Every structure is written in structure tokens, then in C-alpha cells.
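# Notes for the structure review
Here is how the chains run, residue by residue.
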Amino acid sequence: MIDLENIEKRESYQIPENYFEELPGRVMQNIHQEQRKRRNILLSAVAAVAILVVAVGIFFTYNTPEGNTDIAQTQQTVTTAPEEEVLETIATDYYSEELAMMDYYEYAY
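As the structure is a computational prediction, the values presented were derived from the model and not from experiment.

Take the overall build of the protein next. For the protein, the helix and strand inventory stands at three helices and zero strands. In the protein, the order of α-helices and β-strands from amino to carboxyl end is α-α-α. Each of the 109 residues in the protein was classed as buried or not, and the buried ones make up 2%. With the model as given, the accessible surface of the protein reaches about 11100 Å², and the carbon-plus-sulfur share is 59%.

Printed below as a string of C-alpha cells:
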């Protein structure tokens, strides 16, 4: 049997030099790094929400019924205008677009 009293007594763990002096600084550095990570995540979330708000605002600004009022006014004008005037307007618009397309193809190729 082993006699425990005869075993040499020594410290099996060694502490690095200045360990306890440097410990508070290392702990504070880790805390600051974690706070920076949280701050970066928060700033990223705020930026994402801001971009989303701007995108939704732009979407609703350009998709309002105000843009459709021109169509409604044109339809009302067509239904109340004399038939000859409507046909003349349609013909003028059609031929002006045809001429524009011809010019495009003439110069494009």
C-alpha cells in the first residue's frame, strides 16, 4: 500500500507571472468587445429598418391612386368628346408613334 505521508508535497499548478495584475484589464477588454458586437448588431438592425421604411415609402408614393387619375380623366374626356375628335386624336397619336418608330429603326440600324 502507498503511504501518502511520504509523498513529496509540491504545488502541481503554476500561475503565470502577473496573472492577477493583468486579469482586470483582460476582463474589461472582453466586456468592451462584447459591447461593440452588440452595438454593431443594433446599428445593422436600425439600418435595415430604415431601408425598409424608405422602400415602403417609395412604393406607396409611386403607387397611389393619384397616378390613376390621369387615366380616369382621359376616359371621361373620351366618353364626352365628339366621335370625330376622338378618332382624330387616336389617329394623330398612332401615326406620330409610327413615325417615331420608323425614325428609330432608320437611325438604329
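Turning our attention to a negative patch on the surface. A cluster of acidic residues, Glu83, Glu84, Glu85 and Glu88, forms a negative patch at the surface. Note on placement: Glu85 falls in helix H3 (residues 83–108). Glu85 sits in the partly exposed class, given a relative accessible area of 47%.

Right, let's get into a nonpolar patch on the surface. Residues Ile15, Phe20, Leu23, Val27, Met28 and Ile31 make up a contiguous nonpolar surface patch of roughly 540 Å² in combined accessible area. When you line up the elements, Met28 lands in helix H1 (residues 19–62). A relative accessible area of 43% means that Met28 is categorised as partly exposed.

Within this structure, the stated rule accounts for two aromatic pairs. Measuring from centroid to centroid gives 5.2 Å for Tyr19 and Phe20, while their planes differ by 85 degrees, and the two rings are edge-to-face. On the accessibility criterion, Phe20 (54% relative accessible area) is exposed. Pairing Phe59 with Phe60 gives two aromatic rings, centres 5.2 Å apart and planes at 75 degrees, and the pair type is edge-to-face.

Glancing now at the pattern of salt bridges. Two side chains that carry opposite charge are able to pair once their charged atoms sit near each other. Summed over all chains, the structure comprises one salt bridge. The partner of Glu22 in a salt bridge is Arg26, with the nearest N and O atoms 3.7 Å apart. Placement of the pair is Glu22 and Arg26 together in helix H1, with a separation of four residues, close to one helical turn. What makes Glu22 partly exposed here is its relative accessible area of 43%.

Reading guide: rules and limits
- Residues numbered from 1 in each chain as written.
- Predicted model: local features only at pLDDT ≥ 70, side-chain atom pairs only at ≥ 80, totals over all residues.
- Heavy atoms only, no water.
- Helix = DSSP H or I, 4+ residues; strand = E, 2+ residues; numbered from the N terminus.
- Buried < 20%, exposed > 50% of the residue type's maximum accessible area, 1.4 Å probe, protein only.
- Areas by Shrake-Rupley, 256 points an atom, 1.4 Å probe, with all protein chains shown as cover.
- Patch = residues over 30% accessible without salt bridge, like charges linked within 9 Å, V, L, I, M, F, W, Y side chains within 5 Å.
- Salt bridge = Lys/Arg side-chain N within 4 Å of Asp/Glu carboxyl O.
- Lys, Arg positive; Asp, Glu negative; His and termini not counted.
- Charge placed at Lys NZ, Arg CZ, Asp CG, Glu CD.
- Phe/Tyr/Trp six-rings, centres within 6.5 Å; stacked < 30°, edge-to-face > 60°.

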